Amino acid sequence: MNRPMFRLDPRLELCASFVREGCRLADIGTDHAYLPVWLLKKEKISYAIAADIHLGPLRRAEKNIRKYHVEEKVSIRLSDGLETVFPIEVDDIVIAGMGGETIAKIIAEAPWLKDEKKHLILQPMTSAEDLRRYLKENGFSVQEERAACDSGHCYTAMLAWYDPKNLPQGKLYEYAGLLDGSTPAGREYLLKCAERLQKKADGLEQAGNQDKSKEYGTLAKALRELAETEGGLTEP
Ligand SMILES: C[S@@+](CC[C@H](N)C(=O)[O-])C[C@H]1O[C@@H](n2cnc3c(N)ncnc32)[C@H](O)[C@@H]1O
């Protein structure tokens, strides 16, 4: 039976938009495998590795892969990060729905990603600033970044590849990435980020750490200003 296609949520749809037409994809931390299944059904990709560190998620993945009849184009892989994925197998690598530090660790453990032909599509749920800092310090340049909001939550997703001659600078970049106020989701994401930093600044002030409090307060203000612009970064 040919099942009707499901819809991706806005966060995964954003990740899907960065995937190259016709590429071979690795989805690291695939869980339900919605992303590779959807991309295969849409014929946007030619092949996918659906990888996860746990068997439970891979069983969920297998169920969906069978349900939508894409078995012949998917390899299900038990893998800690990219440990069991070989460089010749894939072009684009999605790492979505994990913390920024975990994503950075997965990239660090696969030195073959330092190749401009390998595109990374990264969607941190937390600590996006740590991921951006890691990418910058290790020669990966974020080429595109957009936000998506869904049910009161805002997410960012970035497309990056190894390009050590083209790296951004500055503390504000670590928090804002390439986002600005030109889209409602970008604006919302920046305002939520500013709110989080402002709370941190207020807490530090109460704890008597005036210097750090001022630093976070200044960043929060710069993010609020950026949320009202359409022109990208001006460092405070
Ligand atoms: C919250 S789910 C995200 C699923 C999907 N990528 C998404 O964005 O909707 C996170 C998945 O990452 C897997 N995971 C966590 N650490 C991992 C690692 N080091 N390598 C591979 N998979 C990992 C978990 O087992 C889990 O299935």
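Here, every reference points to the structure presented above.
What you see is a predicted model, and the numbers here were worked out from it, not measured in a lab.

**Side note on the pairing of strand β4 (residues 92–98)**
Looking along a regular strand, one sees the side chains alternate between the two faces of the sheet.
Working step 1: When you tally the buried positions in β4, you get six out of seven residues, the bulk of the element.
Working step 2: Alignment of strand β1 (residues 23–28) against β4, held across four bridges, turns out to be parallel. Residue Ala26 lies in a different strand from β4, and its bridge partner there is Ile93.
Working step 3: In this structure, β4 lies alongside strand β5 (residues 119–124), joined through six bridges in parallel fashion. Bridge pairing in β5 places Met98 opposite Pro124.

**Comments concerning the sheet that holds β4**
Working step 1: As summarised here, the arrangement of the seven strands in space is β3-β2-β1-β4-β5-β7-β6, forming an open sheet in which the pairing is mixed. Both outer strands of the open sheet, β3 (74–78) and β6 (140–150), are each paired with one neighbouring strand and no more. Averaged over all pairs of adjacent strands, the angle between their axes in this sheet comes to 20 degrees, without regard to strand direction.
Working step 2: Each of β2 (45–52) and β3 is contacted by helix α3 (residues 55–67), which is oriented at about 170 degrees to β3, the strand it contacts most.
Working step 3: Strands β1, β4, β5 and β6 of the sheet are contacted by helix α4 (residues 100–108), whose axis makes an angle of about 150 degrees with β4.

**Topic: the nonpolar core**
Working step 1: Among the nonpolar cores identified, the biggest contains 30 residues, and Val19, Leu39, Ile45 and Ile65 are the most heavily contacted of them.
Working step 2: Among the elements of the structure, α1 (10–17), β1, α2 (34–41), β2, α3, β4 and β7 (153–162) are those that each provide at least two residues to this core.
Working step 3: Of all the elements, α2 adds the most residues to this core, at five residues.
Working step 4: When near neighbours in sequence (up to four residues on either side) are disregarded, Val19 contacts Leu25, Leu39, Lys44, Ile45, Asp92, Val94 and Ile121.
Working step 5: Ranked by size, the runner-up nonpolar core spans 26 residues in total, among them Ala26, Ile49, Ala104 and Tyr173.

**Description of the pattern of salt bridges**
Working step 1: Tallying each qualifying case throughout the model produces 17 salt bridges.
Working step 2: Between Glu89 and Arg77 there is a salt bridge; the shortest N-O distance is 2.9 Å. One end of the pair, Glu89, is in the loop between β3 and β4; the other, Arg77, is in strand β3, and 12 residues separate them in sequence. The same class applies to Glu89 as to Arg77, namely buried.
Working step 3: The closest approach of N and O atoms between Glu174 and Lys136, which form a salt bridge, is 3.2 Å. In this pair, Glu174 is assigned in helix α6 (residues 171–176) and Lys136 in helix α5 (residues 128–137), connecting sequence segments 38 residues apart.

Procedures and definitions
Residues numbered from 1 in each chain as written. Predicted model: local features only at pLDDT ≥ 70, side-chain atom pairs only at ≥ 80, totals over all residues. Heavy atoms only, no water. Buried < 20%, exposed > 50% of the residue type's maximum accessible area, 1.4 Å probe, protein only. Helix = DSSP H or I, 4+ residues; strand = E, 2+ residues; numbered from the N terminus. Pairing = 2+ DSSP bridges. Axes fitted to C-alpha atoms, helices over the stretch in contact; angles between N-to-C directions. Contact = heavy atoms within 4.5 Å. Core = buried A, V, L, I, M, F, W, Y, C linked by side-chain atoms within 4.5 Å. Salt bridge = Lys/Arg side-chain N within 4 Å of Asp/Glu carboxyl O.

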